[in-house]
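Each chain is listed here by its residues.
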Amino acid sequence: MNSVGKRITFYLIISTILFSVIVPMMYLTTIAFSSAVEISDYPKQLLPDLSHKLKIDWDEDSNYYVISRLNNSYEYEELYYSSRFDRHQNYLTTYLNISKTEEELEDDFIVARETGESVYLKYNKDIFNNFIKFFEVFNGASAALFNSVKAALLTILLSMTLGGSIGYALARTKIKGKDAISLGSLIVRMFPAVSISVPMAILLVKFGMFDTMIGLAIIYSIPNIGLTAWITRSIFLSINRELEEASLVFGATKIQTFRKITFPLVLPAFAASSMYAFITAWNDTAVALLLTNRNQTLALLLYKAIGGTASLHYAASGAIILILPALLFTFILKNYINKMWG
Amino acid sequence: MSFLKLERVKKVYNKTIEAVKRFDLEIERGEFVVFLGPSGCGKSTIMRMIAGLETVTEGDILLNGKSIIHLEPKDRGISMIFQSYAVWPHMTVYGNVAYPLKLRKKTKEEVEEIVNEAAVICDIDQYLKRYPNQLSGGQRQRVAVARAIAVKPELFLMDEPLSNLDAKLRVSMRTDLKRIHQDLKSTSIFVTHDQSEALSLADRIVVMNHGYIEQIGTPNEIYHESESMFVARFIGSPPSNFLDVKVELEDNKVFLVHSTFKYEINNKFVKTLKGKYIGKTIVLAVRPENFTIGNKGIIKTKATIVEPQGSHIVINANIGDVEVKIVSPILDILPNQEIMVGFTESIGLFDKDTEKRIK
């Protein structure tokens, strides 16, 4: 195959992958910023609209204002009629994500009554409406967010301390059965966490840790301890021993050497594995479903929300809330790891 | 009293592997001593024991008359240059040189002054703010040297510090190390497997093999009066040539007899040879430059391969079934040319069984 053909194939593959990743992400984002009316609109728009184009008519006979909205087929669709501005205001907030006061609406709408002609308006959407509503509609969403953060941090703490110590021991000591331990830690990683969580549920109840974040963190840590041990073991092995020996010769104690030389050098490995630990804890629903009752995590709450409610746009905005910290965490760590390892 | 004294030092790994079998050495203050030997001879182990990075299985190491084998590395007052430079990658050049000083609780001003001073000596003062990965190998090596001299050590250890550098840089760093040693007069131990490094740097060379000391001596002694065949073979490039010869007595004259030549001995060896070796086979060792080529030669042979080196040529030739290397200042010898080979007075004789020098 010639080089042009190769290049075209390469770009085709890349764009297919990008397409299959980006389109669902964009769809999710669009829904997260959509109002209730837009959810059922067709055809779907790819990017979220930031405003609504509205038409207000005055119905002389029934004595009320009629709101129509320009939909995606470019037709004005009648949505709501009422003579009272407080009802209009309520409707706009709930179904179109527009926050306007009654007075503002009255000023705009009254023109239609006075002239007897249609009034065309462009109202900006309140883009944070869905996010605020998410916490209002789903009971305990803020508690769940807090729980998720707690579970993730505990998971990181547990897997880093235990996994890091195992990694150090595997790399630097002459204990017997080292190979068996490293292999074992990988095999643990192969178990689906769900399968461990059934027997663990019983154990956690016995220890009084059922429905607590520390209990969840323990389960999440099990596969991550093995992974962390593997990652850190290879880093501890790759650090030239002479770097530590130089520190010892030049006047440092063993503890100072670990603190000033070894630890800064392995920190990127810890950062990378803490990313995995964070993502495991943050995105899990299955284990949380089995091991919690009232203290749910955000991912679990979303899982239930998407399955059990018609308010898809609130659930989608919840998903965005779930994604953002993970993205932020990953990017900060990525930059750090890049800086250290180039 | 000597400055550093190693007494019957022995090192055994895992209860079975004897890395150093017996090591006795005394080093005077200000001396530059080189441990030379092939890899695995125990030279680095000795250095690491002096530094405190390895425990001593048996024997004692005395620094200024006091045993140091139970001290932590940090309390021994030494500094070291490592083979991999061991420059800490997460610190700037300044941070690297300053780290040992900060550990010694110097004030910020003192640290700055000493770092700058060391940086000027090692010619790295313009790189102080850089990280090691922005430096070349030679510059990193200079950082390691600056760090080592900044602490003003009693003893300066260097573990094959030049082996990771390219050939040209190695030679210039070698000169720099010697200059720094002459300026600072610090007692130095240098480990290497490169005999030309050893010869050019050392006040005294310790040649090691299989965990034993083969010979201790000045570069000239090591080269011209090698105590064993191992030393004669290890030192010199190309190394000594060995010919098995039989000692024969005729008319009260001692001859070395080889299948291709008969050579009369009439110097200091006569007495010893007469006493113990008549009728026995011994080893005649000839340095490549101690062959002569010309009419006075006693062996008729043919140059097989000729390697010009600029100032001299290296000739490969067969004497009997042994291929010897001859260094000759006569530059116009061609391959397959017939040559007459002889020896100068500077030859060495070795006992074939013990491989020790016959004096």
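Residues numbered from 1 in each chain as written. Chains lettered and ligands numbered in written order. Predicted model: local features only at pLDDT ≥ 70, side-chain atom pairs only at ≥ 80, totals over all residues.

Focus: the overall build of chain A
What counts, and what does not: In this text, helices come from DSSP runs of H or I with a minimum length of four residues, and strands from runs of E with a minimum of two, each type numbered from the N-terminal end. All radius of gyration figures rest on C-alpha atoms, and the globule criterion is 2.2 Å times the number of residues raised to 0.38. Counting other C-beta atoms within 10 Å of a residue's own tells you its class, since 20 or more makes it buried, 12 or fewer makes it exposed, and anything in between is partly exposed; those C-beta atoms are placed from the backbone. The contact criterion used here is simple: two residues whose C-beta atoms, placed from the backbone, lie within 7 Å are in contact.
When helices and strands are counted, chain A shows 14 helices and four strands. The C-alpha radius of gyration computed for chain A amounts to 28 Å, which surpasses the reference 20 Å derived for 342 residues by more than 25%, pointing to a less compact arrangement than a globule. Along the three orthogonal principal directions, the C-alpha set of chain A runs to about 95 × 65 × 45 Å. A total of 342 residues make up chain A; the buried ones form 33% of that total. Long-range pairs, those at least 24 residues apart, make up 69% of the contacts in chain A with a sequence separation of at least 6.

Quick word on the domain arrangement of chain A
We count it as follows: The domain boundaries here were taken from an automatic or database domain assignment.
Domain annotation of chain A identifies domain 1 (3–32), domain 2 (49–127) and domain 3 (134–341). If you average the C-alpha positions of domain 2 of chain A and of domain 3 of chain A, the two centres end up 50 Å apart.

Observations regarding the confidence of the model for chain B
Residue and element names in this part refer to chain B. How we decide: As a per-residue measure, pLDDT tells how confident the predictor is, with possible values from 0 to 100.
In the predicted model, chain B carries a mean pLDDT of 90, and 100% of its residues have values of at least 70. Summarising per-element confidence for chain B, the mean pLDDT is lowest in helix H9 (residues 269–277) (84) and highest in strand E3 (residues 32–36) (95). Among the scores for the predicted complex, ipTM is 0.84 and pTM is 0.77.

Notes on the environment of Thr-262 of chain A
All names here are of chain A. With respect to the element layout, Thr-262 can be found in helix H11 (residues 254–283). When the C-alpha atoms of Thr-262 and Leu-145 are compared, they prove to be 35 Å apart, with 117 residues separating the residues in sequence. The contact partners of Thr-262, leaving out residues within four places of it in the chain, are Ile-239, Glu-244 and Thr-257.

A closer look at the interface of chain A and chain B
Rule in force here: Only Asp, Glu, Lys and Arg are considered charged, only Ala, Val, Leu, Ile, Met, Phe, Trp, Tyr, Cys and Pro nonpolar, and every remaining residue, Gly among them, polar.
Each side of the interface is counted separately: chain A has 14 residues, and chain B has 17 residues. Of all the secondary structure elements, the ones that give two or more residues to the side of chain A that touches chain B are helix H10 (241–249) and H11 of chain A. No other element matches H10 of chain A, which puts six residues into the side of chain A that touches chain B. In terms of residue class, the side of chain A that touches chain B is built from nine nonpolar, three polar and two charged.

With respect to the sheet that holds strand E4 (residues 119–124) of chain A
All names here are of chain A. The condition is simple: Only strands joined by at least two bridges in the DSSP assignment are considered to pair. Fitted lines through C-alpha atoms serve as axes, helices being fitted only where they are in contact, and the angles separating the N-to-C directions of these axes extend from 0 to 180 degrees.
The strand order across the open sheet formed by four strands is E3-E2-E1-E4, and the pairing between neighbours is antiparallel. Looking along the sheet, the strands with just one partner apiece sit at the ends: strand E3 (76–82) and E4. Within this sheet the neighbouring strands show an average axis-to-axis angle of 30 degrees, counted without direction. In this structure, strand E1 (residues 51–59) lies alongside E4, joined through six bridges in antiparallel fashion. Residue pairing for E4: His-52 is matched across the bridge by Tyr-123. Running at roughly 135 degrees to E3, helix H3 (residues 85–96) makes contact with E1, strand E2 (64–70) and E3 of the sheet. The strands that helix H4 (residues 102–115) touches are E1, E2 and E4; relative to E1, the one it contacts most, it runs at about 40 degrees.

Remarks on H3 of chain A
Residue and element names in this part refer to chain A. Put simply, the test is: To estimate how far a helix should reach, multiply one less than its number of residues by 1.5 Å. Directions drawn from the helix axis to the C-beta atoms are what define this arc.
Its 12 residues place the ends of H3 15 Å apart at the C-alpha level, agreeing with the 16 Å of an ideal helix rising 1.5 Å per residue. Taken as a whole, H3 has its buried residues at His-88, Leu-92 and Leu-96. Buried residues of H3, viewed axially, fall in a sector of 35 degrees; they line one side. Residues of H3 that are buried sit in contact with helix H2 (36–39), E1, E2, E3 and H4. Asn-97 sits one or two positions beyond H3 and adopts a positive phi of about 60 degrees.

Considering the domain arrangement of chain B
According to the domain assignment, chain B contains domain 1 (4–230) and domain 2 (241–351). The straight-line distance from the C-alpha centre of domain 1 of chain B to that of domain 2 of chain B is 39 Å.

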